[in-house]
Amino acid sequence: IQYFPQNVIDLTDRKIITIDSNGTQVFDDAISFQINSNGTFELGIYLADLTAIETGSFYDKYALNQFETIYAERKAMQMLPDEILQKFSLNKGRHYAMAFIFTFNSRYELIKCQINKALINVSNNFSHVDIAESLANSDSDTYLMIKIL
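Cut-offs used in this document
Residues numbered from 1 in each chain as written. Predicted model: local features only at pLDDT ≥ 70, side-chain atom pairs only at ≥ 80, totals over all residues. Heavy atoms only, no water. Salt bridge = Lys/Arg side-chain N within 4 Å of Asp/Glu carboxyl O. Helix = DSSP H or I, 4+ residues; strand = E, 2+ residues; numbered from the N terminus. Buried < 20%, exposed > 50% of the residue type's maximum accessible area, 1.4 Å probe, protein only. Phe/Tyr/Trp six-rings, centres within 6.5 Å; stacked < 30°, edge-to-face > 60°.

A few words on the pattern of salt bridges. Pairs can form between side chains of opposite charge whenever their charged atoms are close. Counted by the stated rule, this structure contains two salt bridges. A salt bridge links Glu42 to Arg14; the nearest nitrogen and oxygen atoms lie 2.8 Å apart. Here Glu42, found in strand 4 (residues 41-48), pairs with Arg14, found in the loop between strand 1 (9-10) and strand 2 (16-20); they are 28 residues apart in sequence, far enough to count as distant. Both residues of the pair, Glu42 and Arg14, count as buried. Residue Glu109 is joined to Arg107 by a salt bridge in which the shortest nitrogen-to-oxygen separation is 2.8 Å.

Following this line, the structure appears as structure tokens:
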């Protein structure tokens, strides 16, 4: 396993999407799926890269005090202030992220795991409803994208 290498890898050629609840404003994770020519396949999980927040800074201390995002029935108490969350949100477009790439063989056995800082290109931000509706409608563009994934 590679852990936080110095170089950022370019993964902008992958089809990467987010899937979150309706009304989500901050997208902190994304996924991809790729079948390789040698018969292996890769599952990519991407997390918003917050490592640019300096240790000991106001935002670092704020996050340490809040510790986690708390979801109440009608409101979320975010771990970080909104302006920081929006800066790192994986909205449609290019972003830096932590990439966790898991490679499996044709028997679904994990054969490789990589962890890297990466430049990614999020192609779509979907809601759970978008995904459910598109899976029910095989003529939709979303269905085709999910099928490709």
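On we go from here.
Attention now moves to the environment of Gly39. Assignment of secondary structure puts Gly39 in the loop between strand 3 (29-35) and strand 4. By relative accessible area, Gly39 is classed as partly exposed at 40%. Linking Gly39 and Ser106, residues 67 residues apart in sequence, is a C-alpha distance of 6.3 Å.

On to the packing of aromatic side chains. Summed over all chains, the structure comprises three aromatic pairs. Their ring planes at 20° and their centres at 5.3 Å tell us that Phe41 and Phe104 sit as a pair that is stacked. Of this pair, Phe41 sits in strand 4 while Phe104 sits in strand 7 (residues 93-104); the two residues are 63 residues apart in sequence, bridging distant segments of the chain. You can call Phe41 buried: its relative accessible area is 15%. Under the relative-accessibility criterion, Phe104 is labelled buried at 17%. With a centroid separation of 5.6 Å and 65° between ring planes, the pair formed by Phe41 and Tyr108 is classed as edge-to-face. One end of the pair, Phe41, is in strand 4; the other, Tyr108, is in the loop between strand 7 and strand 8 (110-127), and 67 residues separate them in sequence. For Tyr108, a relative accessible area of 64% corresponds to the exposed category.

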